[in-house]
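An overview of the molecular structure
Spelled out from the first residue to the last, the chains are:
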Amino acid sequence: MATTTRPKKSTTTKAAAPAHSAGPRDQLDRDLLALLQANARASTADLARQLGTARTTVLARLSRLEREGVIAGYTVRLGQDVLDHGLQAFVGITVQPKAGRDVVRKLERMPEVRQLCAVSGEFDYVVLLRAESALRMNTLLDEMGNFDGVVKTTTSVALEWKIDRT
């Protein structure tokens, strides 16, 4: 596994995502995708209620996310061929004291976060992150590294799953 350590950036400016990248465009997209990952069978009315937005807004967002390929379908379980696309990485996160709760809230809003564990040892948390491309993975790592309270992130990209019992 390749390992990269990223110290928190000192600058407060963030680079804009490339116009050609497919993915969630804003926090509403991220929140919608997180709700669908928890329950892909939720009605648009229920999603709108949970998001505090209009049902027509949810329908328009879903339509765009489907059209752009962000949402590939609505299933309970992904097939192995779908899981093999993209990159997965384990990200160790070190946070400042008392910043953990806020960092966890921000990570909850990222649909690319598959698992989050509080751990003992060198890191405070370990995240299993999935992205459709190296470019998207890099963008997500930059976002995570810029969260208030994050001291550093250390990333190990998964090259091959030797045992997978999920």
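Residues numbered from 1 in each chain as written. Predicted model: local features only at pLDDT ≥ 70, side-chain atom pairs only at ≥ 80, totals over all residues. Heavy atoms only, no water.

**Quick look at helix 5 (residues 100–108)**
So the rule is basically this: Three labels apply to residues, based on accessible area from a 1.4 Å probe with only protein chains included: buried if under 20% of the type maximum, exposed if over 50%, partly exposed otherwise in between. Counting from the N terminus, the helices are the DSSP runs of H or I reaching at least four residues and the strands are the DSSP runs of E reaching at least two. By arc we mean the arc of the directions from the helix axis to the C-beta atoms, nothing more. By definition in these notes, contact holds between two residues if any of their heavy atoms fall within 4.5 Å.
Buried within helix 5 are the following residues: Gly-100, Val-103, Val-104 and Leu-107. For helix 5, the angular spread of the buried residues around the axis is 100°, confining them to a single face. The inward-facing, buried residues of helix 5 abut strand 2 (87–95), strand 3 (113–118), strand 4 (125–131), helix 6 (134–145) and strand 5 (150–157).

**Examining the packing of helix 2 (residues 44–51) against helix 3 (residues 55–67)**
We apply this condition: All axes are obtained by fitting lines to C-alpha atoms, using only the stretch in contact for helices, and the reported angles, taken between N-to-C directions, cover 0 to 180 degrees. Just so you know how the angles are binned, under 35 degrees is roughly parallel, over 145 roughly antiparallel, 65 to 115 roughly perpendicular, and the rest oblique.
Running from amino to carboxyl end, helix 2 crosses helix 3 at an angle of 110°, the nearest separation of the two axes being 8 Å. Relative to helix 3, the element helix 2 is oriented roughly perpendicular. Together, Thr-44, Ala-45, Leu-47, Ala-48 and Leu-51 of helix 2 and Arg-55, Val-58, Leu-59 and Leu-62 of helix 3 make up the contact between the two elements.

**Structural notes on helix 3**
Basically, it comes down to this: By definition here, a helix of n residues has an expected span of 1.5 Å times n minus one.
For helix 3, with 13 residues, the first-to-last C-alpha span of 18 Å sits near the 18 Å given by 1.5 Å per residue. Among all positions of helix 3, only Val-58, Arg-61, Leu-62, Arg-64 and Leu-65 are buried. Projected down its long axis, helix 3 carries its buried residues within an arc of 165°, all on one side. The exposed set on the far side of helix 3, more than 90 degrees from its buried face, consists of Thr-56 and Arg-67. On its buried face, helix 3 sits against helix 1 (27–38) and helix 2.

**As for the packing of aromatic side chains**
So the rule is basically this: Whether two aromatic rings pair depends on their centres lying within 6.5 Å, for rings of Phe, Tyr and Trp, where Trp uses its six-membered ring; planes under 30 degrees apart make the pair stacked, over 60 edge-to-face, and the rest tilted.
Summed over the entire model, instances satisfying the criterion amount to 1 aromatic pair. Look at Phe-90 and Trp-161: their rings are 5.8 Å apart centre to centre, the planes differ by 70°, and that puts the pair in the edge-to-face class. Taken together, the positions of Phe-90 in strand 2 and Trp-161 in the segment after strand 5 put the pair 71 residues apart, joining distant regions of the chain. Classification of Phe-90 as partly exposed rests on a relative accessible area of 27%.

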